[in-house]
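Tertiary structure, described
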Amino acid sequence: MSYKPDQQAWMDFLYGELAGAEKERMENYLSTNAEARQEFENFKQLRSMLGSVKDKEVIAPPIFVGDSKQRFFWNTPYVKTIVSIAASLLLIMVAGKLLDIRISSGGNEFKISFGAPAVTQPVQVTPASTLTAEQVQEMIQSSLSDNNLAMQASWKESQQKLDASIKNNLAQNSGMIDQLVKQASSASQQQISQYVSGLQEENLKLVKDYFSLTSNQQKDYIENLLVDFAKYLQQQRNDDLQIVQTRMNSLEQNTKEFKQETEQILTSIITSVGTTPSKETKY
Amino acid sequence: MAETLLDIAMMHSDTLIVRAKQGDQGAQGKLVQLWYKRIYNFCYKFFLDHDMAMEASQKTFISMCRSLSSLQDNARFKSWLYKIAVNYCREEARKKKGSRSLSFDVVWNQDAEDSPQWEQSSRRYDSPERQYQQTELSDLLQEALLELNEEQREVVIMKEYEGLKFREIAEVLNISENTVKSRMYYGLDGLKKILERRNITKDTIDYEL
């Protein structure tokens, strides 16, 4: 019973990597020791919990590995560069050989030539045996003069032609221009007369309208004035008549009153005259 | 089913390895196809970061293709491949520690962004809720894994998720088998404590699920 498993035994047992007598001893130990059993249970629970973590799905990306073959001496970049330069130089040299290129310089010139440079022979002037310098000169002179003459003739001809054509053109043009001007002037005269007559008619119409309008207005005004004046006169006469009437009336009244007064006076006189003797008599 | 087939293919890839060693690029490509998912998932659990995992796994396979000819024993291909992967993971981790820039994943509010795991199209037959809880638990566990130190984490991932034997892990890490086991023991113990601290136990998970 003195067996006490170490950490290694625990792990082996937990992961089933313990076998034989060790495994038996461990199982016995667990069956007798409740604490150890509890610990084992705890470990198992932990394992089952850890087991719930699932793997993440992932897609393997394509992995390209550059060729890792052994690089030989002639496969290194330096050698490659040098060899390629040498090869291109060789190519140029072979091409030069095949095309037979020659490059030379000297005497202020640089020459690239294909094949042997052509040797330019100095031109040797061999004097003509039949013609002398004077003869040649004469020939040149004569041909020049001939040429001059021919040229002059052709110039003159062409000048004449040009003059004629210019004159023709001018004449035609002036005729056309005259026609055009005439047409233009006639057209303008007609147009002006039309315009002027139009203007006159318009003016006439305007003036007529104006006068008719103004005469109507004046007539109205004068009529109105006359009517007003007549009314005024009428009124005046009426007033005068009324005044005369009233005067007449008052005069009439006055005369009436006077008449009555005189009558009264007369009657009083009469009565007084008739009564006075009686009165005296009564006395 | 697909995974078991893949596993069988992995186990019997001797002829592929022989051909790949002779420089057959088709065979190399097939090896990459065969092992990429495993190596990627190992790296992903190591970093919990897709980009870094991709980087490390691509480097691993490039290195594999280059130096396959130097592999002596074909039977040790698996541990040899994981050795390369572990080395690249450590290198990437060193680089990350050295760089002062923050990864976008750190700045990015991942909880808010991908809580409804739209893109996770596997396990489509599960109910969305269950799937969500599953991924959440998976995230929690992987975060806990990330809290372990590097040595323990390597061992736990290789043992628990990659199914390597302790002998193979010892070969990969070039240490004794006993050291591997004790790292595994402390790793599991550490995980248990971390999960307890976060109040994640089998009971709470069962209750939630």
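Quantities reported herein were computed from a predicted structural model and do not represent experimental measurements.

**Quick look at the overall build of chain A**
Tallying secondary structure elements over chain A gives five helices and two strands in all. Secondary structure elements of chain A occur, N-terminal to C-terminal, as α-α-α-α-β-β-α.

**What about the packing of helix 1 (residues 7–14) of chain A against helix 11 (residues 177–197) of chain B?**
Put simply, helix 1 of chain A and helix 11 of chain B touch, their axes get as near as 8 Å, and they point 80° apart. Viewed along their axes, helix 1 of chain A and helix 11 of chain B adopt a mutual orientation that is roughly perpendicular. In this structure, helix 1 of chain A contributes Gln7(A), Gln8(A), Trp10(A), Met11(A) and Asp12(A) to the contact, and helix 11 of chain B contributes Asn178(B), Lys181(B), Ser182(B), Met184(B) and Tyr185(B).

**Some remarks on the interface of chain B and chain A**
Each side of the interface is counted separately: chain B has 32 residues, and chain A has 25 residues. Only helix 3 (25–47), helix 4 (50–67), helix 8 (128–147), helix 9 (150–161), helix 11 and helix 12 (202–208) of chain B provide two or more residues apiece to the side of chain B that touches chain A. Here the side of chain B that touches chain A gets eight residues from one element, more than from any other, and that element is helix 11 of chain B. The residue inventory of the side of chain B that touches chain A, partitioned by class, reads 15 nonpolar, nine polar and eight charged.

**Examining the nonpolar core**
Residues and elements named next belong to chain B. One finds Cys 43, Leu 81 and Ala 85 to be the most contacted residues of the largest nonpolar core, which totals 56 residues. In terms of residues, this core owes the most to one element, helix 3, which gives 10 residues. Ignoring any residue separated from it by four or fewer positions in sequence, one finds Leu 81 in contact with Trp 35, Ile 39 and Met 64.

**Points about the confidence of the model for chain B**
Detailed reading of predicted coordinates is not advised where the pLDDT is low. Looking at chain B as a whole, the pLDDT averages 81, with 76% of positions reaching at least 70. Two summary scores accompany this predicted model of the complex, namely pTM at 0.51 and ipTM at 0.77.

**What to know about the confidence of the model for chain A**
Residue and element names in this part refer to chain A. With 88% of its residues at a pLDDT of 70 or more, chain A shows a mean pLDDT of 85. Considering each helix and strand of chain A separately, the mean pLDDT is smallest for strand 1 (residues 101–105), with a value of 83, and largest for helix 4 (residues 77–99), with 91. Overall, residues 279–283 carries pLDDT values under 50, and its contacts beyond four positions in sequence, including any with other chains, amount to zero contacts.

**Here's the deal with the pairing of strand 1 of chain A**
All names here are of chain A. The buried fraction of strand 1 is low, at zero of five residues. Judged from the five bridges that link them, strand 1 and strand 2 (residues 110–114) form a sheet pairing that is antiparallel. Pairing of Ser 105 across the sheet is with Phe 110, part of strand 2. Linking strand 1 back to strand 2 in an antiparallel pair, the connection comprises four residues, with Gly 106 at a positive phi of about 145°.

**Observations regarding helix 3 (residues 34–50) of chain A**
Residue and element names in this part refer to chain A. In this model, helix 3 (17 residues) spans 24 Å end to end at C-alpha, consistent with the 24 Å of a helix rising 1.5 Å per residue. Buried residues of helix 3: Leu 46, Met 49 and Leu 50, and no others. In a view along the axis of helix 3, the buried residues occupy a sector of 100°, so they form one face of it. In helix 3, those exposed residues whose orientation departs by more than 90 degrees from the buried face are Ala 34, Glu 41, Lys 44 and Ser 48.

Reading guide: rules and limits
- Residues numbered from 1 in each chain as written.
- Chains lettered and ligands numbered in written order.
- Predicted model: local features only at pLDDT ≥ 70, side-chain atom pairs only at ≥ 80, totals over all residues.
- Helix = DSSP H or I, 4+ residues; strand = E, 2+ residues; numbered from the N terminus.
- Axes fitted to C-alpha atoms, helices over the stretch in contact; angles between N-to-C directions.
- Parallel < 35°, antiparallel > 145°, perpendicular 65-115°, else oblique.
- Contact = placed C-beta atoms within 7 Å.
- Nonpolar A, V, L, I, M, F, W, Y, C, P; charged D, E, K, R; others polar.
- Core = buried A, V, L, I, M, F, W, Y, C linked by C-beta atoms within 7 Å.
- Buried ≥ 20, exposed ≤ 12 C-beta atoms within 10 Å, placed from the backbone.
- pLDDT = per-residue confidence, 0-100.
- Pairing = 2+ DSSP bridges.
- Expected span 1.5 Å × (residues − 1).
- Arc of directions from axis to C-beta.

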